[in-house]
Amino acid sequence: MSKKKLAAVLMAGLICGFILGKITEDKTMEDKNIDTIFAMGEENPYGKFFTGKTYLNMLSQGDDVFNAPVGNVTFEPGARTNWHKHSGGQILLVLAGEGRYQERGKEIRILHKGDVVRIAPDVEHWHGAAPDSWFTHISLETNVPNNKAQWLEPVSDGEYK
Ligand code: MN
């Protein structure tokens, strides 16, 4: 094969690879199907307290100037937190998708864009996506800086349904 031919083949390969990559990338974004406001951010560093894949974008860090940690949390379909509680409570603002919220011993609540969930201090609960929908909420930590999360057991498939 001549050098020219080889160069042409390599170039064609590069272009095909690029196009394939683009298609795959677009497909992934389409699959996520999130029409929301803030970037989904990185894979959640607290992932070990969650089932399924989740993403966290801290919109305001928990610094001692504002004492107002604000995070954008995105859940893939079926993903949810473990059971847990916050010593200072938490407020969720739903941005996109369909979600689930449950307090221990109560019915599961279905969440949609625009819903507000006020979680009182020390109430055991979990939150997450519907089985067939991505879900995004903002999490506001309240009563900081003395607000600590206590993580409990995962939400079983039976509890999640
Ligand atoms: Mn919570």
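Scroll up for the structure.
The structure reproduced in this document is the subject of the present report. Everything quoted here is computed from the prediction, not taken from an experiment.

**Some thoughts on the overall build of the protein chain**
Within the protein chain, the secondary structure is distributed over two helices and 13 strands. Counting only residues that meet the buried cut, the protein chain has 34% of its 161 residues in that class. Across the protein chain, the fraction of contacts at a sequence separation of at least 24, relative to all contacts at a separation of at least 6, is 68%. For the protein chain, the accessible surface area stands at approximately 9800 Å², while carbon and sulfur atoms represent 58% of it.

**Examining the coordination of the manganese ion**
Around the manganese ion, the protein contributes the donor atoms H84 (NE2), H86 (NE2), Q90 (OE1), H125 (NE2) and H127 (NE2), at 2.1 to 2.2 Å from the metal centre. On the primary sequence, the residues serving as donors to the manganese ion are separated as H-x1-H-x3-Q-x34-H-x1-H. Taken as a pair, Q90 in strand 7 (residues 90-97) and H127 in strand 11 (residues 125-129) lie far apart in primary sequence, 37 residues in all. On the basis of relative accessible area, H127 is assigned to the buried category, the value being 3%.

**Considering the pattern of salt bridges**
In this structure the tally under the stated criterion is five salt bridges. Its salt-bridge partner being E103, residue K106 comes within 3.3 Å of it at the nearest N-O pair. Classification of K106 as exposed rests on a relative accessible area of 52%. The exposure class of E103 is buried, given its relative accessible area of 17%. Because the salt bridges share partners, they merge into one network encompassing R104, E124 and E153.

**Overview of the nonpolar core**
Within the largest apolar cluster, 13 residues are counted, with the highest numbers of intra-cluster contacts made by F75, Y101, L111, V117, I119 and F135. Other than its neighbours up to four places away in sequence, Y101 contacts E107, I108, R109, L111, V117, I119, H125, W126 and H127.

**Overview of the sheet that holds strand 1 (residues 42-43)**
Two pairing modes exist for strands in a sheet, parallel and antiparallel, and in both the strands are linked by backbone hydrogen bonds. With respect to topology, six strands assemble into an open sheet ordered 1-3-4-12-7-10, the strand pairing being antiparallel. The sheet is open, and its two borders are formed by strand 1 and strand 10 (116-119), each paired with just one other strand. Relative to strand 12 (residues 135-141), strand 4 (residues 70-75) runs antiparallel, the two sharing six bridges. Across the sheet, F75 pairs through a bridge with F135, a residue of strand 12.

How each quantity is defined
Residues numbered from 1 in each chain as written. Predicted model: local features only at pLDDT ≥ 70, side-chain atom pairs only at ≥ 80, totals over all residues. Heavy atoms only, no water. Helix = DSSP H or I, 4+ residues; strand = E, 2+ residues; numbered from the N terminus. Buried < 20%, exposed > 50% of the residue type's maximum accessible area, 1.4 Å probe, protein only. Contact = heavy atoms within 4.5 Å. Areas by Shrake-Rupley, 256 points an atom, 1.4 Å probe, with all protein chains shown as cover. Donors = N, O, S within 2.8 Å, 3.2 Å for Na, K, Ca; no water. Salt bridge = Lys/Arg side-chain N within 4 Å of Asp/Glu carboxyl O. Core = buried A, V, L, I, M, F, W, Y, C linked by side-chain atoms within 4.5 Å. Pairing = 2+ DSSP bridges.

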